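Results of the structural survey
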Amino acid sequence: MGFPFIAPLNPLLKKKFEKREKLVQNNLKGLTMPFAMLSCGAVVTKTNSGTQIKEIIKNNAWPTDATTYYGCVVTNTTDASKLYQTGKTIVGYDLNGKPILVEGETNRRVSTPIIESIEIDTDGNNNTLKIAKVNLKVFTLKQLEMFELFFLRPSMDVVLEFGYSSDIRGEFYDKIQQYLFIGKGYTAWEKKFIKIFSHKDDAYKEAKQQYLKALRETDFDYDYMSGKVTGFNFSPDTDGTYNVMIEISAGNELQMWMPLKQASDEGQTKRASKNKIEVYDQQVNKLAADINLPKLAKILQNEKKEYQNEFFNWNMVNKNEKDTNYSKDEYISFKLILYIINNSQIFTPTKEKIKPVYFEDLDLKKPVIPVSSWKTIMSTNSSFILPGEVPKIIVVKAEKGKNKIVIANNSFHKCPINGKSFNLNTNIIYSDSDRDKEKKLKPIPIPLHTGNLLNIFLKYETFVQIFNQSYTQGDVVNSLLDEINFNMFGYCKLELQKEDSSPNGGPLTICDRKLLQPSQSKLQLDKTYRFKIGTSGSIIKEFEFNMEMSELMQGQAMFATEYDIINIIEKGKTDNTLIVAEQDAYSSADLSFLPNADGYCSINKVGVELVKEAVEWQETLKKELKVEPEDKTDETEKETINTHEVLRNNYIRFKLNSGDKAPLANNLIYQDPALIQSTLPKRQKGTTVLTFLEITITIDGTAGITSGEYFNIDGIPEIYNKNGYFQITNVKHNLSDNEWKTVIEAQYRMQSNDEDLENSPTQQPGKNYTEVDAVKEESKKSSSSNNNQFKLGVTPLPKQPNGPLTFTPFKPPF
């Protein structure tokens, strides 16, 4: 299963770390010596013309003469017997074991090029790229001239392997030898490399399983990455040698950051009349013209059955005056957008660049990109639509005959678009890569309220604008995800990332980092692996604990007290929920939500006194200025506004069919975010809050550690372990002359103790308002009855003096 779900540290890694701890305690630390090998599949041959090379490629007639070399291998060590050369200088050996000779240079007594250090980082582009910087020493200019043919070429395919070559726990050394790319000849190297990226017979999936198997069977003492050379530089040293740096990027997702095709040698497709062309063809022609991809129209026309329902509200025509009240904004689904992006690049070496990895059905025909959601969530502006069941918003008669707009809890309008709904009607999904011992798909549990990103409909105008202003496909996707994240009330954090942790990364997917499995909602932190800090039994070589606020958070912290004081003076409490945990007058000074393990907590006494002083001074001013309290019985102009009219005006209305003379009411967009937000739990059951506390841990080199896994730490204040855990956000590897270090970067996540609020987070039945039970049976008789009873999902309303609340369900006049 991929990264979308938070996961505990791999149990096999946990055993490995515990084994290392015992070795440290017994002063039997492993005598480790790391190895590193860089190999490439370039064929270097001596020719007289470029035409000859074209003939070789065309006829598949690869030469085998003495001046042709198949690949090259460079390591961090050299054979002592060949360290100093007395004959011709060599660059190294090709994959068939043949020395690669340097012409015009003899008796220089120099070493072959050697790897001095390696730095590997997986943090590029939301963990979608694994980037390695390999520093090498090349000893002569002639050697460099030959070396560059193999490695200093843009997009050259290479493999970087590293691990432990000798170890007191050496039972895994033979296993490492089995999985190495080199040592079996050029043909075997080429076949293994191609399999990693090939979609033929799903070869890449088998390669991924082989990679994970290699990690397990070598006890995570070996790793590799296969990718392309994406950068290099070299400079001469004072002794005549050359310092070379090669940057290698792993993952076919590199294509996502190639420039989009913004120009075409074909003119824009003409928008044909509706009488001459089918509606679907007209839609795809317009789409292809607007984003300047004429060839896309033909591609989509061949996929009509699959994508004809991915358009909404197109070709709206004003038949009469009333039609001007309906939205003319056009929308397309994220499913269609994903297809467009995957087919927008001229060079498409992979079958799919971004793809869903989860499905709603066992036949894997209904793809899903899971998104954290809630049953009453809905769109509050025209940027996108969340189709399906949307909450009913009604007008109720409250205290003193005043009307209020509220959400009718557990009552919904059915508003699918072309049969599509955002929220899933299932709490399990499936993944092709998640099978049991009998090779059957295993159900993967997801939270009850989970949406499907593919069924979100985005405003077409927004998509076209983002697409045409973006330089790469990655820019398009990230901009669209930012738009969705911004308008989802903080419920999701959608990001591009790898499907898994295999060396090439596999296809890209989109994950919601806030999604948590129900089975992990109450994490058993007492069983979580704990790294130890200190001299006894610790395998940590370096440790750093940081708290660093962003500039925005620094500003919020600085001005939080002043903001609170203003609200306290005006309202008697603060509404600064972004900064403080509660809403009482002194919440910004109350730091008891972060006690230590022994129960001690902090109070910012200065903050308390500032609030008291501000309130006292305001009272003094009122007395001196003889300010009279406001008459609460008088209705202001704002209170007398027709509530029904407000409700009607807040809806953005749509015709589900442009030809409808009397369209049914639909409620896809309601422009009052505060009302919708009032029904959304601030924290779902078992979710966690990512904090600004970060740690960095350095341990002996270990493969297989994955972003998303979590752990705890002994040696820091215990309250951190009691209230949360550290989730891995990045893994780096550093190899030097005699040491392999793995650097783990993690952020602290505070575990929530809140339970799911199946109703509203502010709803407290029986406390602040009266439920009307008498009409519940009546509501079952007819969904159109005026006596329908709803539980309120908003700020509690006071009881009426003469009986329970009276509800007046509102029927929009459209």
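Cut-offs applied
Residues numbered from 1 in each chain as written. Predicted model: local features only at pLDDT ≥ 70, side-chain atom pairs only at ≥ 80, totals over all residues. Heavy atoms only, no water. Helix = DSSP H or I, 4+ residues; strand = E, 2+ residues; numbered from the N terminus. Buried < 20%, exposed > 50% of the residue type's maximum accessible area, 1.4 Å probe, protein only. Contact = heavy atoms within 4.5 Å. Areas by Shrake-Rupley, 256 points an atom, 1.4 Å probe, with all protein chains shown as cover. Expected span 1.5 Å × (residues − 1). Arc of directions from axis to C-beta. Polar contact = N/O pair within 3.5 Å; in protein donor to acceptor, adjacent residues only side chain to side chain. Pairing = 2+ DSSP bridges.

Helix and strand counts for the protein come out as 18 helices and 36 strands. Residues classed as buried in the protein amount to 48% of the 814 residues present. Summarising the internal contacts of the protein: among those between residues at least 6 apart in sequence, 71% fall at separations of at least 24. In the structure as shown, the protein presents an accessible area of about 41,000 Å², 50% of it carried by carbon and sulfur atoms.

Compared with the 21 Å implied by 1.5 Å per residue over 15 residues, the 21 Å span of helix H1 (residues 11–25) between its first and last C-alpha is a close match. Within H1, the full set of buried residues consists of Leu13, Lys16, Phe17, Arg20, Glu21 and Leu23. Around the axis of H1, the buried residues are gathered within 160° of arc, so they sit on the same side. Of the residues in H1, the exposed ones pointing more than 90 degrees away from the buried face are Pro11, Lys15 and Lys22. A distance of 2.9 Å separates the backbone nitrogen of Leu12 from a side-chain oxygen at the start of H1, and that oxygen is part of Asn10.

The backbone phi angle of Asn418 is positive, close to 55°, even though this residue is not glycine. Along the polypeptide, Asn418 turns up in the loop between strand S18 (403–415) and strand S19 (428–429). With relative accessibility at 38%, the residue Asn418 sits in the partly exposed group. Phi at Phe489 is positive, roughly 55°, even though this residue is not glycine. Mapped onto the secondary structure, Phe489 falls in the loop between helix H12 (473–486) and strand S23 (494–498).

Strand order in the open sheet formed by 4 strands is S11-S12-S22-S16, with antiparallel pairing between adjacent strands. The sheet terminates laterally at strand S11 (311–312) and strand S16 (384–385), the two strands that pair on one side only. Across 2 bridges, S16 lies against strand S22 (residues 457–459) in antiparallel orientation. In the strand pairing of S22, Phe384 is matched with Leu458.

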